[in-house]
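Structure at a glance
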Amino acid sequence: QVQLVESGGGLVQAGGSLRLSCAASGSIFSINVMGWYRQEPGKQQELVAIISSGGSTNYAESVKGRFTISRDNAKNTVYLQMSSLKPEDAAVYYCNANVRASIRSSGYDYWGRGTQVTVSS
């Protein structure tokens, strides 16, 4: 089993910054893509940013230039640096990781429990 634990959420004023972290632990041989998704109440979950094991990144258009995703493969941790936050960025942010438990296994998606980000105007 694999656990993903997020941290770093909270309340911030519009224009401010927050840094989210997500550490994976458990039966890990390797981690492929890691990413961040978010969901507002009553809305569908949406992709925020993803990063491959090699460091290639992809961002939602709404966060490009403001958010930066990075990872530390040695620590099995992914980060999301969020700057110039807007009220519309407020949501529960979920960490995702595609994990291989062994050299023979294919990747399996795991999710964190989420961390709340609130942006006051």
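Preceding this paragraph is the structure being described.
Residues numbered from 1 in each chain as written. Predicted model: local features only at pLDDT ≥ 70, side-chain atom pairs only at ≥ 80, totals over all residues. Heavy atoms only, no water.

Comments concerning the side chain of arginine 71
As for its position among the elements, arginine 71 is in strand S7 (residues 67-72). Aspartate 72 is the oppositely charged side chain nearest to the buried, salt-bridge-free arginine 71, at an N-O distance of 8.2 Å. Sequence-distant contacts of arginine 71, defined by excluding residues within four places in its chain, comprise Ile31, Asn32, Val33, Met34, Ile51, Ser52, Ser53, Thr77, Val78 and Tyr79. (Helix = DSSP H or I, 4+ residues; strand = E, 2+ residues; numbered from the N terminus. Buried < 20%, exposed > 50% of the residue type's maximum accessible area, 1.4 Å probe, protein only. Lys, Arg positive; Asp, Glu negative; His and termini not counted. Salt bridge = Lys/Arg side-chain N within 4 Å of Asp/Glu carboxyl O. Contact = heavy atoms within 4.5 Å.)

Description of the sheet that holds S7
Ordered in space as S1-S3-S8-S7, the 4 strands form an open sheet in which the pairing is antiparallel. In this open sheet, the two strands that pair with only one neighbour each are strand S1 (2-7) and S7. Strand-to-strand twist of the sheet, defined as the mean angle between neighbouring strand axes without regard to direction, takes the value 15°. As defined by bridge partners, strand S3 (residues 18-26) adjoins strand S8 (residues 77-82) across 6 bridges and the pair is classed as antiparallel. Its bridge partner lying in S8, serine 21 is registered against tyrosine 79. (Pairing = 2+ DSSP bridges. Axes fitted to C-alpha atoms, helices over the stretch in contact; angles between N-to-C directions.)

Brief notes about the pattern of salt bridges
Pairing is possible between side chains that carry opposite charge, provided their charged atoms lie close to one another. Under the criterion given, the structure shown has 5 salt bridges. Residue lysine 43 is joined to glutamate 40 by a salt bridge in which the shortest nitrogen-to-oxygen separation is 3.8 Å. A salt bridge links aspartate 89 to arginine 66; the nearest nitrogen and oxygen atoms lie 2.7 Å apart. Taken together, the positions of aspartate 89 in the loop between S8 and strand S9 (91-100) and arginine 66 in the loop between strand S6 (57-59) and S7 put the pair 23 residues apart, joining distant regions of the chain. On the basis of relative accessible area, aspartate 89 is assigned to the buried category, the value being 1%. When its relative accessible area of 12% is taken as the criterion, arginine 66 is described as buried. It is possible to trace a salt-bridge network through shared partners that takes in Arg38, Glu46, Arg66 and Asp89.

Let's talk about the pairing of S3
Bridging between S1 and S3 involves 6 bridges; their strand directions are antiparallel. Within the sheet, the bridge partner assigned to glutamine 3 lies in S3 and is serine 25.

A closer look at the environment of glutamine 3
For glutamine 3, the position within the fold is in strand S1. Here glutamine 3 falls in the partly exposed class, since its relative accessible area comes to 39%. Through-space distance from the C-alpha of glutamine 3 to that of phenylalanine 29 is 14 Å; in sequence the pair is 26 residues apart. If near-sequence neighbours (up to four positions away) are discounted, glutamine 3 is found in contact with Ala23, Ala24, Ser25 and Gly26.

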